[in-house]
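# Structure assessment
One letter stands for each residue in the lines below.
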Amino acid sequence: MENMDSQTQNQIWQRVFAPMQPPPREDLLPLLTQAVETMGASRMLAGMLQGTSRQLANRLYESLRENALCLRGICRLSGRSEGKFCTLPAEKEPAKRLLTTCYHRCRRAMAEYTARSADPEYGAVYQKMAQREGEHCCLIAQILGNLE
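Here is a short report on the structure shown in this document.

Conventions and cut-offs
- Residues numbered from 1 in each chain as written.
- Predicted model: local features only at pLDDT ≥ 70, side-chain atom pairs only at ≥ 80, totals over all residues.
- Heavy atoms only, no water.
- Salt bridge = Lys/Arg side-chain N within 4 Å of Asp/Glu carboxyl O.
- Helix = DSSP H or I, 4+ residues; strand = E, 2+ residues; numbered from the N terminus.
- Buried < 20%, exposed > 50% of the residue type's maximum accessible area, 1.4 Å probe, protein only.
- Axes fitted to C-alpha atoms, helices over the stretch in contact; angles between N-to-C directions.
- Parallel < 35°, antiparallel > 145°, perpendicular 65-115°, else oblique.
- Left-handed = near helix turned anticlockwise from the far one by under 90°.
- Contact = heavy atoms within 4.5 Å.
- Nonpolar A, V, L, I, M, F, W, Y, C, P; charged D, E, K, R; others polar.
- Phe/Tyr/Trp six-rings, centres within 6.5 Å; stacked < 30°, edge-to-face > 60°.
- Expected span 1.5 Å × (residues − 1).
- Arc of directions from axis to C-beta.
- Core = buried A, V, L, I, M, F, W, Y, C linked by side-chain atoms within 4.5 Å.
- Patch = residues over 30% accessible without salt bridge, like charges linked within 9 Å, V, L, I, M, F, W, Y side chains within 5 Å.
- Areas by Shrake-Rupley, 256 points an atom, 1.4 Å probe, with all protein chains shown as cover.

Turning to the pattern of salt bridges, a few remarks are in order. Pairs can form between side chains of opposite charge whenever their charged atoms are close. Enumeration according to the criterion identifies three salt bridges in this entry. The shortest N-O distance in the salt bridge between E66 and R132 comes to 3.1 Å. Taken together, the residues span a long stretch of sequence, with E66 in helix α3 (residues 51-77) and R132 in helix α5 (residues 123-146) at a distance of 66 residues. The exposure class of R132 is buried, given its relative accessible area of 12%. Across the salt bridge formed by E112 and R116, the nearest N and O atoms sit 2.6 Å from each other. Pair noted here: E112 and R116 are both in helix α4 (residues 95-116), with a separation of four residues, about one helical turn. Residue classification places R116 among the buried residues on the basis of a relative accessible area of 6%.

At a minimum axis distance of 8 Å, the contact between α4 and α5 shows a crossing angle of 160 degrees. On the basis of the axis angle, α4 is roughly antiparallel to α5. The two elements α4 and α5 cross, and the hand of that crossing is left-handed. Of the residues in α5, those in contact with K96, L99, C102, Y103, C106, R107, A109, M110, Y113, T114 and R116 of α4 are G123, Y126, M129, A130, E133, G134, H136, C137, I140, I143 and L144. Of the residues belonging to the contact of α4 with α5, the class tally is 14 nonpolar, four polar and four charged.

If you walk through the whole model with that rule in mind, you get one aromatic pair. For the pair Y113 and Y126, a centre-to-centre distance of 6.3 Å together with 25 degrees between the ring planes defines the contact as stacked. Remark: Y126 occurs in helix α5 and Y113 occurs in helix α4; sequence separation between them is 13 residues. The two residues Y113 and Y126 agree in class, both being buried.

Below, the discussion takes up α4. Across its 22 residues, α4 extends 31 Å between first and last C-alpha, which sits within 8% of the 32 Å expected from 1.5 Å per residue. By the burial criterion, the buried members of α4 are A95, L98, L99, C102, R105, C106, A109, Y113 and R116. On an axial view of α4, the arc spanned by its buried residues comes to 130 degrees, and they lie on one face.

The next thing to look at is the nonpolar core. Among the nonpolar cores identified, the biggest contains 35 residues, and L45, L49, L71, Y113 and Y126 are the most heavily contacted of them. Contributions of two or more residues to this core are made by α2 (29-48), α3, α4 and α5. At nine residues, α3 tops the list of elements feeding residues into this core.

Glancing now at a nonpolar patch on the surface. On the surface, a nonpolar cluster with roughly 360 Å² of combined accessible area is contributed by W13, V16 and F17. Inspection of the secondary structure puts V16 in helix α1 (residues 6-17).

A few words now on the environment of L77. If you trace the backbone, L77 turns up in helix α3. Its relative accessible area of 63% is what places L77 among the exposed residues. A C-alpha to C-alpha distance of 9.6 Å links L77 and Y122, two positions 45 residues apart in sequence.

Right under this line is the structure:
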């Protein structure tokens, strides 16, 4: 670095200290679709399970619904079309497989919302949604642990 001129050094330091750029505001429809599909799977789980596991699955459904509604609201606030909002039926699968699928979807959603939390306009909403997705992962693990 000793052989660099001052202009090159300045450019390097400008890049190092540049503020983080939020991810581009991509189409939210794929995120909304995933959220609605996961919601449908959790609704199906609630119908399959008994006792405490059913109560936890109902709680999971309600919280997943909150995130889907937030995504729909962001679509509306930003002037984008959110498409038709309805819970899609999940495929008939054993509870353990549905829970595993839901867990991985929630984990990916948490990462996506965390990345979008730098958005200057909707960052706070994404941050709250990411926190909820972490809670969903815990609930799913708890339901899995409770299955016989």
